[in-house]
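Structural description and commentary
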Amino acid sequence: MKLRSVGKLPAILVCLLALAVGGPVMAQKAAQPAQATAQTNVQGGQKSAQPAQSPQTSQTATQPAAGKPATEENGQPAAADTTSDAATTTQPAQNAPAPAQAAPQAEAAAPAENQAAEQLAKAGDELKKLTDQVAKAKDDDIVLADLKVQVDALAKQIIGVSVSTRPRLDEIKARLTELGDPPAEGQPPEADIVTAERKRLMAERGAINALTGEAEGLSVQATKLSNAITATRRALFSNTLLKNTEVSTGMFDDALAATADETRVLSRSVGSWLSFAWNYKRVPLLTALFLSLLAALVFLSGSRRLFRPLIEHDITDEEPSYFRRLSVAFWSTLIPTIASAAFAISSFLFLRGFNVLRSDIAPIIAVTLGVAVVVFFVTRLAQAVLSPRDSRWRLVRVSDRGARMLMIAIFAMALVNGLDYLFGGVSEALGSPVVLTVVKSYIASIVIGLIIMASAWIKPTLRKDESFDAHGRAWPRVVSFALLATGALLIIAAVSGYVGLARFIATQIIITGAILVTMYIGILTGRAVAKQGAFAETAAGRYLERRYNLEQVALDQIGLAAGLSIYALVVMFFIPLILLQWGFQVADIESWAYRMVTEIKIGSITISLVGILAGILFFALGYAVTRFVQRWIDGNIMARSRVDAGVRNSIRTGIGYTGVGLAGLIGLSAAGIDLSNLALVAGALSLGVGFGLQNIVSNFVSGLILLVERPFKVGDWIVSGTTEGFVKRISVRATEIETFQHQSIMMPNSLLINASVGNWTHRNKLGRSEIAITVTYASEPRRIMELLSEIAAAHPMVLKNPSPSVGFTAFGDDRMTFELRIYVADVLTGGGVRNDLRVSIYERFRDEGIGAPFPVKIEDVPVEDQTGIESHHPEEVGEPKGATSAEARAAAKSAASDKKTAAAAPLDEERDAEETGSRRVASRRTNPNR
């Protein structure tokens, strides 16, 4: 058996991208010669594919194409049976169907059985052909993968034929039940027509049972054949990968001789092909070359011009952010690689389409283009990550010298591995001896192992305080040991004769490692884009914000969608590449992808992603139609009819609920959800209400309404009755509200539905606050209003739009009342803003000499109290030692009287009268009852 290469990525890229442009068959034919050299195909993933081919899974699958005709043809006889059943329920002898009615029924059922029998016969013949093909292609993994897909499809078709006969079988059983058992001995005989119909139905049931048994037998055979193909492919992988080759000097001598012969044959073949193409197919050759150059201009130059901001470094950016570096590294690797692969595929297809390539030259051209794309991909990725020429865009912290050394090592390994595949493809196309392929892989594995071991002595690492132009330090011991062990393993495996294993490991280190690194960069890029506020900093975010005046919330939502799209792109593009690199075939991936989107089984439940997407699409379409009908009826019919606003709102709301409900039912049906489950829920609710659980059911339904309608959400500040606080949790039974005293209140949902609920933060957190100010009548009202406006405008948290306002609200007995009204962006910060404004008002009024900006209670103090207050000065009025309390009081009173007389002596009588009158007026204002 010839030794084949393990990796197959050069040809795999050609195949995969050919599938994307619509040429799978041609790409596979072009890749097969290159893959024929790669005998060591990796089949390690076949274990995961085997459970999907179990008999249980096959038996549960259906084939609509096979089952639909039988169901349609069996539908009409079922209607005839129902009519005859109703006629023969009470009096079989008199009301039995006439022979003229039974004959068309039998004639209608016979074609369905005949069609099922013909389908099973064709399936049996096809299964035999596939069995023979499997036996012939037991050494070709690519053919076996295609045959396995065909066997699985045939198994589904057989099961579909069996399923298509079940409706008719159920009808026959129901009809036989209605006819009843034959009369026993001693009972009156039944009508001859009834006996004939029973025999006919039993014969038809036997025929259907025979067809079902035959279908089950064929299904079992197909399942066994599928499992046998899987086992063969696994054994082929194991035997090829672990095959030991005796390494000796004779092998190298044979390889040298074969190399000389291969060089002559290759030179002669290429020369003769070029001479033939130029002399006899000059126009097709030139046309194909022109179209190839045009494709290069479109794919390579066009992608660079179109995606220049994504793939090129910005020279003016002195310190690019980590997100910017990630984004440039990911897109500068992915976009040029896709463009170069598209150019390679289009060039090959043009040469093949114009019939310029010969059968011996086509595989050489294919593998050359594939190797060029792979080497370009690895080199581009290394440049993006290491950025040896510009340390500002480097993703890993390594020195400049270390980045250049690592770049050289990675490029050398990719080039050696690519040349190995290229020479292997040439040997396969020219029919060279297998020993030549073995020696080439042997040398390539040893060279790659030496390069990996040499990488362990590179000193690229830096400290945090060191610049990129520093000399660098050695790898950590773990990394150095891993590099040395990997390189030694490759060399030991090759020297021991396990050339296929060594080549497989080398390929996975280079190609799979590059793919994984690209995936990791893509995931980090998607995560960075999806972060809150990150998308607004990108060029696309700034353009959308400037073009459509989008707010931060909308930009964050777009960023989240962009991040998820990058995740999907990474998974859909790179996961198939890894699977193909590890030996799986395109047919395997197509089969798994089809099963993933159509039938994901979780126990007895089957989930279809296509059905779910269809359900979402139908619901969105129904929702859009409902909103259009609402606007059209409200704006065209009811507006012109001058219908009352309340009636218009009721009709509009009713149409909305009806349309959304119908759209939901259609979406659920399209998603494959059994609507009978909703009947179970409704029945459970009805049962609960019937047993006295009205409150629980009411709270449950109210909770569902709150969760759907969302009059308030978690974090809102709501007021309901005497309860005020923040919503912490909304469940289906109760809502948790935390008060300002940090008390948690569980309020039943029905109370929140039936009562008035105030929500301070329903649509936004914008709120208004008021501050009351009182001043004396000696103040100027306009000046007071100006000062209050200036104070409010100076506060940074007071909104300019809506602007603050000042109102002259009331005249008091002694003071005027003003009110300062302000707006804040977050009503929760209103208390702190009011506190700051009060302090500012007090300080400003004090500086302006305006009195106390708050109510002051003025009281008239009696003369006796004033005298008593003044007598509390011990230095002026003292209590004589040894005096009694009465004497002390008398002495104090005398001293106070003397002091008052002495103080009032200089005053004239007119001033004394004015002061006395003013005190009386103030006393009457403060205490009118006095």
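Criteria and cut-off values
- Residues numbered from 1 in each chain as written.
- Predicted model: local features only at pLDDT ≥ 70, side-chain atom pairs only at ≥ 80, totals over all residues.
- Heavy atoms only, no water.
- Helix = DSSP H or I, 4+ residues; strand = E, 2+ residues; numbered from the N terminus.
- Buried < 20%, exposed > 50% of the residue type's maximum accessible area, 1.4 Å probe, protein only.
- Contact = heavy atoms within 4.5 Å.
- Areas by Shrake-Rupley, 256 points an atom, 1.4 Å probe, with all protein chains shown as cover.
- Phe/Tyr/Trp six-rings, centres within 6.5 Å; stacked < 30°, edge-to-face > 60°.
- Lys NZ or Arg CZ within 6 Å of the ring centre and 35° of its normal.
- Pairing = 2+ DSSP bridges.
- Axes fitted to C-alpha atoms, helices over the stretch in contact; angles between N-to-C directions.
- Parallel < 35°, antiparallel > 145°, perpendicular 65-115°, else oblique.
- Left-handed = near helix turned anticlockwise from the far one by under 90°.
- Salt bridge = Lys/Arg side-chain N within 4 Å of Asp/Glu carboxyl O.

As for the overall build of the protein
Along the backbone of the protein there are 32 helices and ten strands. Burial analysis of the protein (930 residues in total) assigns 38% to the buried set. Counted over contacts in the protein with a minimum sequence separation of 6, partners at least 24 positions apart contribute 73%. Roughly 51,800 Å² of accessible area belongs to the protein as shown, and the carbon and sulfur atoms make up 61% of that amount.

Some details on the packing of aromatic side chains
Counted according to the given criterion, the structure contains 13 aromatic pairs. Between the aromatic rings of Phe808 and Phe818, the centroid separation amounts to 4.4 Å while the plane-to-plane angle is 25°, which identifies the pairing as stacked. Of this pair, Phe808 sits in strand β9 (residues 805-811) while Phe818 sits in strand β10 (residues 815-824), and the two are ten residues apart along the sequence. Aromatic ring contacts, followed pair by pair, group Trp717, Phe726, Phe740 and Trp760 into a single cluster. The ring of Phe468 has Arg397 lying over it, and the distance from NZ or CZ to the ring centre is 5.3 Å.

Considering the sheet that holds strand β8 (residues 767-776)
If you walk across this open sheet you meet the three strands as β8-β10-β9, and the pairing is antiparallel. Looking at strand neighbours, the two that pair on one side only are β8 and β9, the edges of this open sheet. With strand direction ignored, the average angle separating the axes of adjacent strands in the sheet is 25°. For β8 and β10, the ladder comprises ten bridges, and the chain directions are antiparallel. Across the sheet, Thr776 pairs through a bridge with Arg815, a residue of β10.

Here we look at the packing of helix α8 (residues 141-164) against helix α10 (residues 192-241)
Interaxial distance between α8 and α10 falls to 9 Å at its minimum, and their mutual angle equals 160°. One element, α8, and the other, α10, form an angle in the roughly antiparallel class. Between α8 and α10 lies a crossing of left-handed hand. Residues Asp141, Leu144, Ala145, Leu147, Lys148, Val151, Asp152, Ala155, Ile158, Ile159 and Ser162 of α8 form the contact with α10, whose own contacting residues are Thr212, Ala215, Leu218, Ser219, Ala222, Leu225, Ser226, Ile229, Thr230, Thr232, Arg233 and Leu236.

Brief notes about the pattern of salt bridges
A full pass over the atoms with the stated rule returns 27 salt bridges. Residue Asp420 pairs with Arg503 through a salt bridge whose shortest N-O separation is 2.8 Å. Taken together, the residues Asp420 in helix α16 (residues 400-430) and Arg503 in helix α19 (residues 499-530) connect sequence positions 83 residues apart. Judged by its relative accessible area of 4%, Arg503 falls in the buried class. The structure contains a network of salt bridges with shared partners spanning Arg783, Glu786, Glu790, Arg844 and Glu848.

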